[in-house]
Amino acid sequence: MSSTEDSVYLGFDFSTQQLKVVAIDQNLTVVHQYNVQFDSELPEFRTQGGVHIHPDKLTVTSPVLMWVKALDLLLDKMKRAGFDFSRVKALSGSGQQHGSVYWRTGANQTLRQLDPEKTLHQLLQGSFAVADSPVWMDSSSSVQCQFLQSSLGGAQRVADITGSRAYERFTGNQIAKIHQSRPDQYQDTERISLVSSFAASLFLGDYAAIDYSDGSGMNLLDIRTRNWSGICLETTAPELDRLLGDPQPSTSILGSVSSYYVSRYGFSDDCRVVAFTGDNPASLAGMRLQEGDIAVSLGTSDTVFLWIKDPHPALEGHVFCNPVHWQAYMALLCFKNGSLTRERIRDQCAEGSWEVFSSALRDTPLGNHGNIGFYFDAMEITPSAVGLYRFNQDNNKVLCFSSQVEVRALVEGQFLAKRLHAERLGYKIIPGTRVLATGGASTNKAILQVLSDVFNAPVYTIDVLNSACLGCSYRAVHGLVASSGRSFSDVVKNAPEPQLAVTPNPAAQEVYDQMVKRYARLEERVLQESRP
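The notes below deal with the structure included here.

Rules used throughout
- Residues numbered from 1 in each chain as written.
- Predicted model: local features only at pLDDT ≥ 70, side-chain atom pairs only at ≥ 80, totals over all residues.
- Heavy atoms only, no water.
- Helix = DSSP H or I, 4+ residues; strand = E, 2+ residues; numbered from the N terminus.
- Rg over C-alpha atoms; globule rule 2.2 N^0.38 Å.
- Buried < 20%, exposed > 50% of the residue type's maximum accessible area, 1.4 Å probe, protein only.
- Pairing = 2+ DSSP bridges.
- Contact = heavy atoms within 4.5 Å.
- Phe/Tyr/Trp six-rings, centres within 6.5 Å; stacked < 30°, edge-to-face > 60°.
- Salt bridge = Lys/Arg side-chain N within 4 Å of Asp/Glu carboxyl O.
- Arc of directions from axis to C-beta.
- Axes fitted to C-alpha atoms, helices over the stretch in contact; angles between N-to-C directions.
- Polar contact = N/O pair within 3.5 Å; in protein donor to acceptor, adjacent residues only side chain to side chain.
- Disulfide = S-S within 2.5 Å.
- Core = buried A, V, L, I, M, F, W, Y, C linked by side-chain atoms within 4.5 Å.
- Parallel < 35°, antiparallel > 145°, perpendicular 65-115°, else oblique.
- Nonpolar A, V, L, I, M, F, W, Y, C, P; charged D, E, K, R; others polar.

Examining the overall build of the protein
- Per the secondary structure count, the protein includes 21 helices and 23 strands.
- A globule of 532 residues ought to have a C-alpha radius of gyration of about 24 Å, and the protein, at 24 Å, matches this closely.
- A principal-axis box enclosing the C-alpha atoms of the protein has dimensions of 75 × 55 × 45 Å.
- Counting all 532 residues of the protein, 59% fall into the buried class.

Let's talk about the pairing of strand 6 (residues 88-95)
- A large share of strand 6 lies buried, amounting to seven of its eight residues.
- The pairing of strand 6 with strand 13 (residues 272-274) spans two bridges and is classified as parallel. If you follow Ala90 over to strand 13, its bridge partner there is Arg272.
- Where strand 6 meets strand 14 (residues 277-278), two bridges bridge the pair, whose relative direction is parallel. Across the sheet, residue Gly95 finds its bridge partner in strand 14, namely Gly278.

A closer look at the environment of Ala446
- Within the element layout of this structure, Ala446 appears in helix 18 (residues 445-455).
- On the basis of relative accessible area, Ala446 is assigned to the buried category, the value being 9%.
- Counting along the chain gives 87 residues from Ala446 to Ser359, while the straight-line C-alpha distance between them is 7.9 Å.
- Ignoring any residue separated from it by four or fewer positions in sequence, one finds Ala446 in contact with Ser358, Leu361 and Arg362.

Some words on the packing of aromatic side chains
- A complete count under the given rule lists 20 aromatic pairs for this structure.
- A centroid spacing of 5.4 Å and a plane angle of 55 degrees characterise the contact between Trp103 and Tyr207, whose relative ring orientation is tilted. You can see Trp103 sitting in strand 7 (residues 100-104) and its partner Tyr207 sitting in the loop between helix 9 (195-204) and helix 10 (212-215), a full 104 residues away along the chain.
- You can call Trp103 buried: its relative accessible area is 0%.
- When the centroid spacing of 6.0 Å and the interplanar angle of 85 degrees are considered together, the rings of Phe374 and Phe391 count as edge-to-face. Of the two residues, Phe374 is situated in strand 19 (residues 372-376) and Phe391 in strand 20 (residues 387-391); the sequence distance between them amounts to 17 residues.

Section: the pattern of salt bridges
- One pass over the structure, following the stated rule, counts 21 salt bridges.
- The salt bridge involving Arg288 is made with Glu497; its shortest N-O contact spans 3.9 Å. Note that Arg288 is positioned in the loop between helix 14 (279-286) and strand 15 (294-298) and Glu497 in the loop between helix 20 (488-491) and strand 23 (499-502), a separation of 209 residues in sequence.
- A residue is classified by how much of its surface remains accessible, and Arg288, at 12% relative accessible area, is buried.

Digging into the environment of Val262
- Note that Val262 resides in helix 13 (residues 259-265).
- Apart from the residues lying within four places of it in its own chain, the contact partners of Val262 are Val257, Phe267, Ser268 and Asp269.

So, helix 6 (residues 155-162)
- Along helix 6, the positions that sit buried rather than exposed are Ala155, Val158, Ala159, Ile161 and Thr162. Down the axis of helix 6, the sector holding all buried residues measures 165 degrees, keeping them to one side.
- The inward-facing, buried residues of helix 6 contact helix 5 (142-152), strand 10 (221-222), helix 11 (230-236) and strand 17 (318-321).

Looking at the side chain of Ser164
- Structurally, Ser164 can be placed in the loop between helix 6 and helix 7 (171-181).
- If near-sequence neighbours (up to four positions away) are discounted, Ser164 is found in contact with Val158, Ala159, Phe170, Asn219, Gly317, His318 and Val319.

Focus: the sheet that holds strand 16 (residues 302-308)
- The mixed open sheet is built from seven strands, whose spatial order is 17-18-16-15-21-22-23. Bordering the open sheet on either side are strand 17 and strand 23, each of which pairs with just one other strand. Ignoring strand direction, the axes of neighbouring strands in this sheet form an average angle of 25 degrees.
- Pairing between strand 15 and strand 16: five bridges, direction antiparallel. The residue bridging Leu298 from the neighbouring strand is Asp302, located in strand 16.
- Contacts from helix 17 (residues 403-424) reach strand 15, strand 16 and strand 18 (329-335), with the element oriented near 145 degrees to strand 18.

Things to note about helix 16 (residues 354-363)
- Among the residues of helix 16, those classed as buried are Phe357, Ser358, Ala360 and Leu361. When helix 16 is viewed along its axis, its buried side chains cluster within an angular range of 155 degrees and face the same direction. Across helix 16 from its buried face, at more than 90 degrees, point the exposed residues Glu355, Arg362 and Asp363.
- Looking at the packing, one finds that the buried side of helix 16 touches helix 15 (339-349), helix 17 and helix 18.
- Measuring from the side-chain oxygen of the N-cap residue of helix 16 to the backbone nitrogen of Glu355 gives 3.1 Å; that N-cap residue is Ser353.

Description of the state of the cysteines
- Within this structure, the stated rule accounts for zero disulfides.
- Its sulfur unpaired, Cys271 is 14 Å from the next cysteine sulfur, which belongs to Cys472.
- A disulfide-free cysteine, Cys472 has its sulfur positioned 7.1 Å from the sulfur of Cys469, the nearest such atom.

Focus: the nonpolar core
- Counting 89 residues, the largest nonpolar core has Leu240, Leu244 and Leu306 as its most contacted members.
- For this core, the element with the highest residue contribution is helix 17, accounting for 10 residues.
- If we skip the residues at most four places from it in the chain, Leu240 touches Ile175, Tyr186, Ile192, Leu220 and Leu233.
- The next biggest cluster of nonpolar side chains, apart from the first, holds 55 residues, and it includes Met66, Trp67, Leu123 and Leu204.

Observations regarding the sheet that holds strand 5 (residues 60-63)
- Strand order in the open sheet made by the three strands is 4-5-8, with antiparallel pairing throughout. Each edge of the sheet is formed by a strand with only one pairing partner; in this case those strands are strand 4 (52-53) and strand 8 (132-134).
- Across the sheet, helix 2 (residues 64-80) lies against strand 5 and strand 8, angled at about 40 degrees from strand 5, the strand it touches most.

Quick look at the packing of helix 5 against helix 6
- Interhelical geometry of helix 5 versus helix 6 gives an angle of 90 degrees and a closest axis separation of 7 Å. Taken as axis vectors, helix 5 and helix 6 run roughly perpendicular relative to one another. Together, Leu148, Gln149 and Leu152 of helix 5 and Ala155, Arg157, Val158 and Ile161 of helix 6 make up the contact between the two elements.
- Looking at the contact of helix 5 with helix 6, its residues break down into five nonpolar, one polar and one charged.

Put into structure tokens, the structure is as follows:
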């Protein structure tokens, strides 16, 4: 094995549309990156956006062998480019969350005896009981979701145990559907993996454990005990505890890389495989969130990542076990009305100009004279409501605001919603809290100022182009020392720092601590009015 100075660490991401890898050196600097695009580089699988959308428009799958062949292609690309695999000290990776892989009886024997003269695609042709894996875009399991919730005593009960109410894309409900609709294929299955643990299994040459963090996206794991919930398993399908194997901490070293990779690509035989996880947990690692931090992705839909200690699962949002600290949790919230709504208000109230939009934010006071707006152009996810609702300082509904007030009402309302729902899941703003902003709107300083004021915390901007890959390469480094008690934040302390963008107005806390309470009461009114 090469010296530590020459060591590199790999982070893979088996995402929806491509397979990517990032290599970092001992200074946490990215030294190589490679990718394989599924649609264009593996056209024989005839995917669009990496998936097959079935005629019912609800069932969405991906061919498992496409992911296998993509790994062949990626490693061959790296080999042709002269990448020195002997320098890889550890590797980890992520997979699109919720997707499931069904290994056929006898597949583990095949994994343990891989012939380095052949490709993985050739070797694993007959290894899957279900050829097309259900993925996160699938929403065909509503019957199974309803059954789980009614069996356990309601949606909140499911959330209390598993961190989320029953969702169609969550793996347990997909497994239940496969068991019911394809009993022969289920019967022929000896192991069920997530996309992440499937990918880890390829490197390990053996079945890899599901990690706690990705396992939290299945409606099967008890997030408090970090073990499978007996009642959830029994409600879902028979023999699931055997088929899933025991979950493991996300920082676990699963073993060394299979001899297949040593012979075929020149990996060192002591290259360690650290547990793979889901793409969202991996992104949390890539953004290097710490306790009290919140990351806000401002895109077509807005996504919020939280680090929390004492979770309170709700009917909106998801609580997962934290991928870099086994005693902590992370949460995810998705808000559907993001940049498209901001662009509509810009066009209607700011002459189509971001500069005019920003001026409106700068020229209106914190708290917007008590005016609050809800702008749900499309059916919102958090909370489940649709329509436009405006309230004046006396909490009376009004038909319209002036253009400048409308702009601030939109932006304040969007960020008050994020704070309210984050706090409901157990998030707490603490001294040292940072807001990490990413996505299109994170380039707009006036919008970031409102975000900073609402959370009473400094806002930093980050580049998340390869956050899942980068997070997994960091996790590979950390995995080697995690058992000694060294923290993830200590391991990655020398990685590039996010850029400070804005700090909160001194008057912000007084204004928004009160306003978020008012927003909560008004949201309840909106929900009552929005119900059919």
